[in-house]
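Structure at a glance
The primary structure of each chain is shown beneath.
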Amino acid sequence: MIHVIATKFGALELEETERGVRRISFVEGGASRAVAPAKPTNLEAKLSKYFQGGRVDFSTVSLDLQEVSSFQRRVWEAAMKIPYGEVRTYGWIARKLNSSPRAVGQALKSNPLPIVIPCHRVVSSQGIGGYSGGINLKTRMLKLEGALR
DNA sequence: CTGCGAGTCAAAC
DNA sequence: GTTTGACTCGCAG
């Protein structure tokens, strides 16, 4: 089941199964393709609330992750523990997992569930760091959460 | 302050 | 086997 919803950061494509959300991606070309679902799912309701600036807890959302390495899973789980409005550094996660900052970045890059897995809350110790959806997007989401000075 | 080198480790080649 | 990062730390200029 695939839905496209409109947000102020562009259209968002969601793929959900009976087991949970499988994939989230930002869609090129803005919100024109957005379709209002007849019956918004729990996840869609949370996402629209989030993009309206609401403090949303995604930790209860059920996930349907496809085959991934155990390392990726550990990094994503660590990222989901970062509270709303706060940030951590790549090095912070690396030390927690006995890994290295670059490896953490690699795992976050392949995150299939932006926002639900808040990879945008992971920043570099020297600056904003990177983001697979574009640094611009990362910055705006952190501002939305009030996590940026 | 800025720039460079080395350390690091999972993934990609 | 080698190279490449969404990094970090330390140390020169």
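In this numbering scheme, every chain counts its residues from 1 along its sequence in written order. All chains are assigned letters beginning with A, and all ligands numbers beginning with 1, in the order in which they are written. Local features in a predicted model are, by the rule used here, given only for residues with pLDDT of at least 70; side-chain atom pairs are given and counted only at 80 or more, and totals for whole chains, interfaces and linings are based on all residues. In computing side-chain values, all of the structure's heavy atoms are included and hydrogens and water are not.

**Quick word on the protein's contact with DNA strand C**
The cut-off we apply is this: Working definition: residue near molecule or strand if any one of its non-hydrogen atoms lies within 4 Å of it. For the purposes of these results, a polar contact is taken to be a pair of N or O atoms within 3.5 Å, where, inside protein, one atom must be able to donate a hydrogen and its partner to accept one; residues adjacent in sequence count only when each atom of the pair is a side-chain atom. Elements are defined by DSSP. Helices are runs of H or I of four residues or more, strands are runs of E of two residues or more, and each kind is numbered from the N terminus. Under the scheme applied here, ten amino acids are nonpolar (Ala, Val, Leu, Ile, Met, Phe, Trp, Tyr, Cys and Pro), four are charged (Asp, Glu, Lys and Arg), and all others, including Gly, are polar.
Around DNA strand C sit 16 residues, and of these Y90, R102, K109, S124 and S125 come closest. Here a base nitrogen of DNA strand C and a backbone polar atom of L108 are 2.9 Å apart. One nitrogen or oxygen atom from the main chain of S125 is found 2.7 Å from a phosphate oxygen belonging to DNA strand C. Ranked by residue count, the leading element in the surface near DNA strand C is helix α4 (residues 101-109), at six residues. Its residues assigned to classes, the surface near DNA strand C comprises six nonpolar, seven polar and three charged.

**Notes on the domain arrangement of chain A**
Let me state the cut-off plainly: Here the limits of each domain have been adopted from an automatic or database domain assignment. Pairs of residues are marked as contacts when any of their non-hydrogen atoms sit within 4.5 Å. When two parts are put together, the accessible area they lose, computed with a 1.4 Å probe and summed over both, is reported as buried area.
The domain architecture assigned to chain A consists of domain 1 (2-60) and domain 2 (70-145). Taken over C-alpha atoms, the centre of domain 1 sits 20 Å from the centre of domain 2. Facing the 18 residues of domain 1 at the interface are 14 residues of domain 2. Of the roughly 1,500 Å² buried between domain 1 and domain 2 on both sides combined, carbon and sulfur atoms contribute 73%. Together, F9, I24 and Y50 form the three largest contributors to the area buried by domain 1 at its contact with domain 2, with a combined 42%.

**Details of the protein's contact with DNA strand B**
Inspection of the region around DNA strand B gives S69, F71, S99, S100, R102, A103 and Q106 as its neighbouring residues. The protein-proximal atoms of DNA strand B, defined as those within 4 Å of the protein, are 69% sugar or phosphate. The contact in question runs from a phosphate oxygen of DNA strand B to an N or O atom on the side chain of S69, over 2.6 Å. With three residues, α4 is the single largest residue contributor to the surface near DNA strand B. Residues belonging to the surface near DNA strand B are distributed by class as follows: two nonpolar, four polar and one charged.

**Regarding the sheet that holds strand β2 (residues 10-17)**
Within a sheet, neighbouring strands are paired by backbone hydrogen bonds and run either parallel or antiparallel to one another. As a reminder, the rule being used: Paired strands, in this sense, are two strands between which DSSP finds at least two bridges. Here, axes are lines fitted to C-alpha atoms. For helices the fit covers the stretch in contact, and angles between N-to-C directions go from 0 to 180 degrees.
Overall, antiparallel pairing links the three strands, which are arranged β1-β2-β3 in an open sheet. Strands at the two margins of the open sheet, each flanked by one partner only, are β1 (2-7) and β3 (20-27). Shown here is a sheet whose adjacent strand axes are inclined to one another by a mean of 25°, direction ignored. As paired strands, β2 and β3 are joined by seven bridges and run antiparallel to one another.

**Examining unusual backbone geometry**
Which entries qualify depends on this criterion: Whether a residue is buried, partly exposed or exposed follows from its accessible area with a 1.4 Å probe, protein chains only, as a fraction of its type maximum: under 20%, in between, or over 50%, in that order.
Backbone geometry at N98 places phi at a positive 55°, although glycine is not the residue there. Positionally, N98 belongs in the loop between α3 (90-96) and α4. Of the residues examined, N98 reaches a relative accessible area of 72% and is grouped as exposed. The phi angle at I115 is positive, at roughly 80°, despite the residue not being glycine.

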